[in-house]
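# Tertiary structure, described
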Amino acid sequence: EDQVTQSPEALRLQEGESSSLNCSYTVSGLRGLFWYRQDPGKGPEFLFTLYSAGEEKEKERLKATLTKKESFLHITAPKPEDSATYLCAVQTLGGKLIFGQGTTLQVKP
Amino acid sequence: DTGVSQNPRHKITKRGQNVTFRCDPISEHNRLYWYRQTLGQGPEFLTYFQNEAQLEKSRLLSDRFSAERPKGSFSTLEIQRTEQGDSAMYLCASRGGMTDTQYFGPGTRLTVL
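Residues numbered from 1 in each chain as written. Chains lettered and ligands numbered in written order. Predicted model: local features only at pLDDT ≥ 70, side-chain atom pairs only at ≥ 80, totals over all residues. Heavy atoms only, no water.

### A closer look at the interface of chain B and chain A
Across the contact, 21 residues belong to chain B and 20 residues belong to chain A. Roughly 1,500 Å² of surface becomes buried between chain B and chain A when both sides are summed, with 49% attributable to carbon and sulfur atoms. Area buried by chain B at its contact with chain A is led by Pro43, Asp100 and Phe104 of chain B, which between them contribute 31% of it. At the surface where chain B touches chain A, the tally comes to 8 residue pairs in polar contact (both at pLDDT 80 or more). Those elements that place two or more of their residues in the side of chain B that touches chain A are strand 4 (31–37), strand 5 (44–50), strand 9 (88–95) and strand 10 (103–104) of chain B. (Contact = heavy atoms within 4.5 Å. Buried area = accessible area lost by both parts, 1.4 Å probe. Polar contact = N/O pair within 3.5 Å; in protein donor to acceptor, adjacent residues only side chain to side chain. Helix = DSSP H or I, 4+ residues; strand = E, 2+ residues; numbered from the N terminus.)

### Re the environment of aspartate 100 of chain B
Relative to the helices and strands, aspartate 100 of chain B is located in the loop between strand 9 and strand 10. Taking the relative accessible area as the measure of exposure, aspartate 100 of chain B reaches 13% and is therefore buried. Not counting residues up to four positions away in its chain, the partners in contact with aspartate 100 of chain B are Arg31, Phe34, Tyr51 and Gln91 of chain A together with Arg95 of chain B. At 3.2 Å, the side chain of aspartate 100 of chain B and the side chain of arginine 95 of chain B are in polar contact. (Buried < 20%, exposed > 50% of the residue type's maximum accessible area, 1.4 Å probe, protein only.)

### Looking at the side chain of glutamine 38 of chain A
Relative to the elements of secondary structure, glutamine 38 of chain A occurs in strand 4 (residues 32–38). Here lysine 42 of chain A takes part through its backbone oxygen, which lies 2.8 Å from a polar atom of the side chain of glutamine 38 of chain A. Aside from chain neighbours lying at most four places away, what touches glutamine 38 of chain A is Gly43, Pro44, Ala84, Thr85 and Leu87 of chain A together with Gln37 of chain B.

### Details of the packing of aromatic side chains
Per the counting criterion, the structure on display carries 12 aromatic pairs over all chains. Between tyrosine 36 of chain A and phenylalanine 46 of chain A, the aromatic rings sit 5.9 Å apart at their centres with planes inclined by 70 degrees, giving edge-to-face as the arrangement. Taken as a pair, tyrosine 36 of chain A in strand 4 and phenylalanine 46 of chain A in strand 5 (residues 45–50) lie far apart in primary sequence, 10 residues in all. Residue phenylalanine 46 of chain A is classed as partly exposed on the basis of its relative accessible area, which comes to 22%. Ring geometry for tyrosine 35 of chain B versus phenylalanine 45 of chain B: centroids 6.0 Å apart, planes at 75 degrees, classification edge-to-face. Of this pair, tyrosine 35 of chain B sits in strand 4 while phenylalanine 45 of chain B sits in strand 5, placing them 10 residues apart in sequence. Exposure class is identical for tyrosine 35 of chain B and phenylalanine 45 of chain B. Each is buried. Through pairs of rings, three or more aromatic residues link up here, namely Phe34, Tyr36, Phe46 and Phe99 of chain A together with Tyr33, Tyr35, Phe45, Tyr48, Tyr103 and Phe104 of chain B. In this arrangement the basic side chain of arginine 22 of chain B is found over the ring face of phenylalanine 74 of chain B, its NZ or CZ atom lying 3.9 Å from the centre. (Phe/Tyr/Trp six-rings, centres within 6.5 Å; stacked < 30°, edge-to-face > 60°. Lys NZ or Arg CZ within 6 Å of the ring centre and 35° of its normal.)

### A closer look at the pairing of strand 11 (residues 103–108) of chain A
Residues and elements named next belong to chain A. Of the two faces of strand 11, the one holding Thr103, Leu105 and Val107 is buried and the one holding Thr104, Gln106 and Lys108 is not buried anywhere. Across 5 bridges, strand 2 (residues 10–14) lies against strand 11 in parallel orientation. From the neighbouring strand, alanine 10 faces strand 11, where its bridge partner is threonine 104. Two strands pair when backbone bridges link them, and strand 9 (residues 84–91) and strand 11 are joined in this way by 3 bridges, in the antiparallel orientation. Bridge assignment links tyrosine 86 to a residue of strand 11, and that residue is threonine 103. (Pairing = 2+ DSSP bridges.)

### Considerations on the pattern of salt bridges
Per the stated rule, a full pass over the model turns up 10 salt bridges over all chains. Ionic pairing is found between arginine 37 of chain A and aspartate 39 of chain A, a salt bridge with its closest N-O pair at 3.1 Å. By relative accessible area, arginine 37 of chain A is classed as buried at 16%. Residue classification places aspartate 39 of chain A among the partly exposed residues on the basis of a relative accessible area of 22%. One continuous salt-bridge network, built from bridges that share partners, spans Arg31 of chain A together with Arg95 and Asp100 of chain B. (Salt bridge = Lys/Arg side-chain N within 4 Å of Asp/Glu carboxyl O.)

In short, the description is geometric, and any link to function would need to be established separately.
So, in structure tokens, the structure goes:
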């Protein structure tokens with residue numbers, strides 16, 4: 001069965017304290033792994049797509065990496081405005097996304 | 001490009017009533033997806049359209065749920081005889097033919113009393 005698991009469920013950081021979020025997946029026929037950011041009461045906002053092991057993408061303080069079984073979202077020197085829930089999802093051959101439960105990040109000034 | 005829009009943004013209804021939500025995708029996106037998200041969970045897939053054809057439905061989509069996409073443009077999701085367990089955020093996403101990325105709307109928050 002296709003499955004995505006994210007850890008930790010919640011993460012508290014001080015401003016400037018770097019860390020990583022983990023996304024483990026099992027899926028038959030991976031079409032892509034996606035990272036989204038979601039603010040409270042809003043829809044998910046697209047961040048990155050990764051397709052093959054070893055691939056990396058960067059955007060400001062965020063860097064996403066991919067292996068055959070997991071993906072990491074590295075946050076370097078985070079700021080309070082990075083506080084949000086970060087969602088990982090895999091796209092199946094049929095096109096639908098299977099999401100993990102998310103990691104809620106809080107960055108304190 | 002105005003993004004995906006959803007209406008209404010919030011809906012409060014009494015158990016047993018019918019509700020309908022609307023999604024307007026990004027123009028010229030031929031694929032449209034509906035997801036449901038409960039508090040503390042990631043979105044769960046409900047159904048998918050390519051143009052006007054409904055190509056996949058989740059087991060989560062009971063007989064009380066129906067979705068349409070007439071003329072391959074906007075889509076509606078109707079829930080009949082609502083139950084308290086239907087309370088959730090209903091999200092719509094669209095995707096163009098040349099990309100794998102799904103872009104989400106702001107969602108419709110449903111509360112069933």
